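# Results of the structural survey
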Amino acid sequence: MTWLSLFDRVSLKEFAQVDAIFVASVVSILALGMVMVSSASISISETIHGHPYFFMGRQVLYLVLGLVFGWVLLSLPTQQLQKWGILMMGLSLMLLIFVLLPGIGKSVNGSRRWINLVVFNLQASEVAKVCMVVYISGYLVRRADRLRQGWIGFILPLCLCGVFLLFLLLEPDFGASVVLLGTVMALLFLGGAPLYQFLALMGMAVLVLAGVAVSESYRMKRLMNFIDPWADPFNEGYQLSQALIAYGRGEWFGLGLGNSVQKLSYLPEAHTDFVFSIWVEETGMVGGVFLIFLFALMVSRAFKIGHKAMALSRPFAAYMCFGFSILILAQVIINIGVNTGFLPTKGLTLPLISYGGSSLIITLGSLFVVARVDIENRRIEQSHRTEKGVAAKESTA
């Protein structure tokens, strides 16, 4: 068996038939993301690299790599992903271990989260999140009865998730830990876990995460700054206070694209974690609501594709669509919550919008998998229609 035999090529005609609203929302968000990376990174790019569009050029490269990676996944049957679920989980766990090893992991701002791949820095947590979704989706199919009938089937995947969380917290990456745990628990609930088990474990998870949050002094400072950033606006509360100033400048309709003041070295991470603040400063509250609407549209259509897969007796494909949708939705909620001061500051990018290779490439890959599910759904529906047509002809013959 060769590697090529594992793939099932998708024609351009089939790709053109993928849910139009889903594709349009993804393309729109990507376009806005490229515009905002270009706008928000001009100042820091000029300062660090002496060229205003350095980060923009890199983001274009990441987009191309993401599209190539996504097209490869588009040609991979979902049954193959189901077979590789355990392998993918093991490889992603190895990445989380490697990133902590001196000489392999790259440290930025005190966190060791990246592996240098020359072309871009691979963030191990991004890989771990999507691989965990694939593994849990397969687990929900293999162990459906065990999950619904007792505690063992519910606790085992959470124990595995706990191992992932341990390595994520060692980086440290508290934001990715919250997203990963929340996604796994949501999938287990969708898979049929009894409500009382879900609520009990959710309560325990909240207590554990709260314990983790207060165990380090820097996390406590972030919590306090989130409550009142204006108590120390020039030190610990600086980033959030500058983000809130950006919202105030934007008002309803914004200052216009490219006219942000906060991106001029006032707001740290303006092109990554806090790009939404710059977006609202330049396009106003109307622009912010519009972007949220696009994300809601994209996620809802992905859920719809998942529901159709479930109706066609394809639970693994359905759970993947649900899982990837929840991953993106959780990151959007947390990132915007951090930007607006509703949640404590943590390092999570805004999917498809923020600058960053790992996030863009991996997120695009997961969305192409959703598109593959939609294509397979349409193939099955077409096959059913053909069979009905043949049966009808035979009955009238």
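Preceding this section is the structure that the text describes.
Here is a short report on the structure shown in this document.

Basis of the calculations
Residues numbered from 1 in each chain as written. Predicted model: local features only at pLDDT ≥ 70, side-chain atom pairs only at ≥ 80, totals over all residues. Heavy atoms only, no water. Patch = residues over 30% accessible without salt bridge, like charges linked within 9 Å, V, L, I, M, F, W, Y side chains within 5 Å. Areas by Shrake-Rupley, 256 points an atom, 1.4 Å probe, with all protein chains shown as cover. Salt bridge = Lys/Arg side-chain N within 4 Å of Asp/Glu carboxyl O. Helix = DSSP H or I, 4+ residues; strand = E, 2+ residues; numbered from the N terminus. Pairing = 2+ DSSP bridges. Axes fitted to C-alpha atoms, helices over the stretch in contact; angles between N-to-C directions. Phe/Tyr/Trp six-rings, centres within 6.5 Å; stacked < 30°, edge-to-face > 60°. Disulfide = S-S within 2.5 Å. Buried < 20%, exposed > 50% of the residue type's maximum accessible area, 1.4 Å probe, protein only. Parallel < 35°, antiparallel > 145°, perpendicular 65-115°, else oblique. Left-handed = near helix turned anticlockwise from the far one by under 90°. Contact = heavy atoms within 4.5 Å.

## What to know about a nonpolar patch on the surface
Residues L87, L91, M94, I97, F98, L101 and I104 make up a contiguous nonpolar surface patch of about 570 Å² in total accessible area. With respect to the helices and strands, F98 occurs in helix α6 (residues 85–98).

## Topic: the sheet that holds strand β2 (residues 111–116)
The sheet built from three strands is open, its strands ordered β1-β2-β3 with antiparallel pairing. Two strands bound the open sheet, and with one partner strand each, they are β1 (105–108) and β3 (121–123). Neighbouring strand axes in the sheet, compared pairwise and without regard to direction, differ in orientation by 50 degrees on average. The pairing of β2 with β3 spans three bridges and is antiparallel. Bridged to N116 within β3 is N121.

## Focus on the packing of aromatic side chains
In this structure the tally under the stated criterion is eight aromatic pairs. Ring centres of F55 and Y355 lie 5.0 Å apart, and the angle between their planes is 80 degrees; this geometry places the pair in the edge-to-face category. Taken as a pair, F55 in helix α4 (residues 54–74) and Y355 in the loop between α15 (315–340) and α16 (357–396) lie far apart in primary sequence, 300 residues in all. Members of the aromatic cluster, joined through ring pairs, are F54, F55, Y62 and Y355.

## Here's the deal with the state of the cysteines
Scanning the entire structure with this criterion turns up zero disulfides. C161 takes part in no disulfide bond, and the closest cysteine sulfur, belonging to C159, lies 9.8 Å away. On the basis of relative accessibility, which here comes to 0%, the residue C161 falls in the buried class. Note on C321: no disulfide assigned, nearest cysteine sulfur contributed by C131 at a separation of 16 Å. The exposure class of C321 is buried, given its relative accessible area of 0%.

## Regarding the packing of α6 against helix α9 (residues 152–170)
Closest axis-to-axis distance for the α6/α9 pair is 9 Å, and the angle between their directions is 25 degrees. By the angle class used here, α6 and α9 are roughly parallel. Between α6 and α9 the crossing geometry is left-handed. Listed contacts from α9 to M89, S92, L93, L96 and I97 of α6 are L160, V163, F164, F167 and L168.

## Focus: the pairing of β2
Here β1 runs beside β2; their pairing, made up of four bridges, is antiparallel. When the sheet's bridge partners are listed, V108 is paired in β2 with S111. Between β2 and β3, which pair antiparallel and follow one another directly, the connecting turn spans four residues, one of which, V118, has a positive phi of 70 degrees.

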